[in-house]
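Analysis of the macromolecular model
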Amino acid sequence: MKQISFRVLWSMVLLGLILVVVKVFFSNQVKHDKKSTEALWLAPDTGMIPHTPNGAMIRYGRDLIAHTSVYLGPKGKIAVISNGMNCQNCHLDAGTRLWGNNYGGTASTYPKFRERSGMVESIAKRVNDCLIRSLNGNALDSNSQELRAIIAYIQWLGKDVPKGYKPPGSGIKELPYLEREADTIKGKLVYVQKCSKCHGENGMGKLSASAVEYEYPPLWGEHSYNTGAGIYRISRFAGYVKSNMPFGTDYSKTQLTDEEAWDVAAFVNSQPRPVKRFPEDWPVISTKPADHPFGPFSDTFSEQQHKYGPFGPILHQRDKQHIK
């Protein structure tokens, strides 16, 4: 009788241990799945934009992002203040594509302090910065319906994101730095094979049938972004193209290797484009990114190395200076 009880007891203990292991496994699996599905930002459905005056502003803002040149380009029906590119050419799918330079974390993190300007910036300041730099144009009036509409759209996109939180999948995915200098010659080969079909052998892009906006934007030349644009930093360009280019690519099925992304970024950003210097950028020189190509610098490296790398030695020297 005692032997039977012992066997029963042992079976119960063993069963209990098995249940605990199973519970822990599935608990961890649920947490992992929850993390993998909830971690990435999901843009709200545009079909849910309310049919109200504010909803109309949101829709107008979305249209301004998607078709900026129609309203503000060289043939703009509202103003002529930009180069013919659309905001959507850099902020893909009207700022909603994962790691497509989207606006997922914009409303939740602005106003915020930015090292580039050395001040707390509003969404309005950030939008106008893009117009001045990436669209090589002029700022919108702070009271204009257009600027208010763009802000309304950006805020609507981020309406479900907690304040102060930047959700994974927003912005541009960062790539690890190369251990070598980015190679413009290799980058040209990547461009010819992977990019020229859409952006043209001369990099001038392709206009839409209306000739009012670009189907594929110019990557250099007088109608492209200027040297003050964020994407002129090759780390930004490399991360952007890695997740989104060539056409048909997204972050889950990339076509370029990291090295190809860095090299093609170096090639494109070595081509002629509008030159605009912003000497007021990074008032604290030591906070300049390693790949910001314009001096002065707080380190001893050249503009050439700050533009193309390798960036490891720059960061290493900065770390040593910081420790001292």
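Residues numbered from 1 in each chain as written. Predicted model: local features only at pLDDT ≥ 70, side-chain atom pairs only at ≥ 80, totals over all residues. Heavy atoms only, no water.

Another point: the packing of aromatic side chains. Under the definition given, this model contains 10 aromatic pairs. Consider the rings of Tyr232 and Phe294, whose centres lie 6.0 Å apart with planes at 15°: the pair is stacked. Residue Tyr232 is found in the loop between strand S4 (214-216) and helix H9 (234-244), and its partner Phe294 is found in the loop between helix H10 (258-268) and helix H11 (303-308); the two are separated by 62 residues along the sequence. A relative accessible area of 8% means that Tyr232 is categorised as buried. Note on Phe294: relative accessible area 12%, which makes it buried. For Lys173, the ring lying beneath its charged end belongs to Trp99, and the centroid distance is 4.5 Å. (Phe/Tyr/Trp six-rings, centres within 6.5 Å; stacked < 30°, edge-to-face > 60°. Helix = DSSP H or I, 4+ residues; strand = E, 2+ residues; numbered from the N terminus. Buried < 20%, exposed > 50% of the residue type's maximum accessible area, 1.4 Å probe, protein only. Lys NZ or Arg CZ within 6 Å of the ring centre and 35° of its normal.)

With that out of the way, let us pick up the layout of surface pockets. The space that makes up the second largest pocket amounts to roughly 600 Å³. In terms of lining residues, the second largest pocket is bounded by 34 residues, among which Asn89, Leu92, His199, Pro217 and Met245 are the most central. Of all the elements in the fold, those that place two or more residues in the lining of the second largest pocket are helix H4 (92-95), helix H8 (184-199), S4, H9 and H10. Residues belonging to the lining of the second largest pocket are distributed by class as follows: 22 nonpolar, 7 polar and 5 charged. (1 Å grid on protein atoms, 1.4 Å probe; cavity = no way out; pocket = protein on both sides within 12 Å on 5 of 7 lines; lining within 4 Å. Points joined across faces, edges and corners; volume = space filled by probe spheres on them. Nonpolar A, V, L, I, M, F, W, Y, C, P; charged D, E, K, R; others polar.)

Summarising the model, the protein shows a mean pLDDT of 91, and 87% of its residues fall at 70 or more. This stretch, residues 20-37, has a pLDDT under 50; its non-local contacts, to residues over four places away or in other chains, come to 1 contact. (pLDDT = per-residue confidence, 0-100. Contact = heavy atoms within 4.5 Å.)

The next thing to look at is the environment of Asp129. Structurally, Asp129 is set in helix H6 (residues 123-133). Sequence separation between Asp129 and Gly228 is 99 residues, and the spatial gap between their C-alpha atoms is 9.5 Å. Apart from the residues within four sequence positions on either side, Asp129 is in contact with Arg114, Arg116, Glu121 and Ser134.

Turning to the nonpolar core, a few remarks are in order. With 33 residues, the main nonpolar core has Tyr191, Tyr225, Phe237, Val241, Trp262, Val264 and Val268 as its most contacted residues. When contributions to this core are tallied by element, the ones reaching two or more residues are H8, H9 and H10. In terms of residue count, H10 provides more of this core than any other element does, 7 residues in total. Among residues more than four places away in sequence, those in contact with Tyr225 are Asn83, Met85, Arg133, Ser134, Leu219, Ile231, Tyr232, Phe237, Val268, Asn269, Arg273 and Pro274. By size, the runner-up hydrophobic cluster in this structure holds 31 residues, among which are Ile49, Tyr110, Ile123 and Leu157. (Core = buried A, V, L, I, M, F, W, Y, C linked by side-chain atoms within 4.5 Å.)

Looking now at the pattern of salt bridges. In the structure shown here, the tally under the stated rule is 15 salt bridges. Linking Glu121 and Arg114 is a salt bridge whose minimum nitrogen-to-oxygen distance equals 3.3 Å. Comparing Glu121 with Arg114 shows no difference in burial state: the two are buried. The shortest N-O distance in the salt bridge between Lys206 and Glu215 comes to 3.7 Å. Overall, Lys206 belongs to the partly exposed group, its relative accessible area being 42%. (Salt bridge = Lys/Arg side-chain N within 4 Å of Asp/Glu carboxyl O.)

Residue Pro111 follows Tyr110 across a cis peptide bond; omega there is 0°. Non-glycine residue Trp99 carries a positive phi angle of around 50°. Examined against the element boundaries, Trp99 turns out to sit in the loop between H4 and helix H5 (106-109). A positive phi angle, close to 45°, is found at Asn136, a residue other than glycine. Structurally, Asn136 can be placed in the loop between H6 and helix H7 (145-157).

What follows is about the packing of H8 against H10. Interaxial distance between H8 and H10 falls to 7 Å at its minimum, and their mutual angle equals 95°. By the angle class used here, H8 and H10 are roughly perpendicular. Listed contacts from H10 to Thr184, Lys186, Gly187, Lys188, Val190, Tyr191 and Cys195 of H8 are Glu260, Asp263, Val264, Ala266, Phe267 and Val268. Among the residues making up the contact of H8 with H10, the classes are represented as 7 nonpolar, 2 polar and 4 charged. (Axes fitted to C-alpha atoms, helices over the stretch in contact; angles between N-to-C directions. Parallel < 35°, antiparallel > 145°, perpendicular 65-115°, else oblique.)

The subject of this paragraph is H7. Between its terminal C-alpha atoms H7 stretches 18 Å, which fits the 18 Å expected from 13 residues at 1.5 Å a residue. Burial analysis of H7 places 10 of its 13 residues in the buried class, which makes it a mostly covered element. Residues of H7 that are buried: Glu146, Leu147, Ala149, Ile150, Ile151, Ala152, Tyr153, Ile154, Trp156 and Leu157. Looking at the packing, one finds that the buried side of H7 touches helix H2 (53-66), H4, H5 and H6. (Expected span 1.5 Å × (residues − 1).)

For H9, the tally of buried residues reaches 10 of 11 residues, placing the bulk of the element in the interior. Those residues of H9 lying buried are Ile234, Ser235, Phe237, Ala238, Gly239, Tyr240, Val241, Lys242, Ser243 and Asn244. Elements in contact with the buried residues of H9: H4, H10 and H11.

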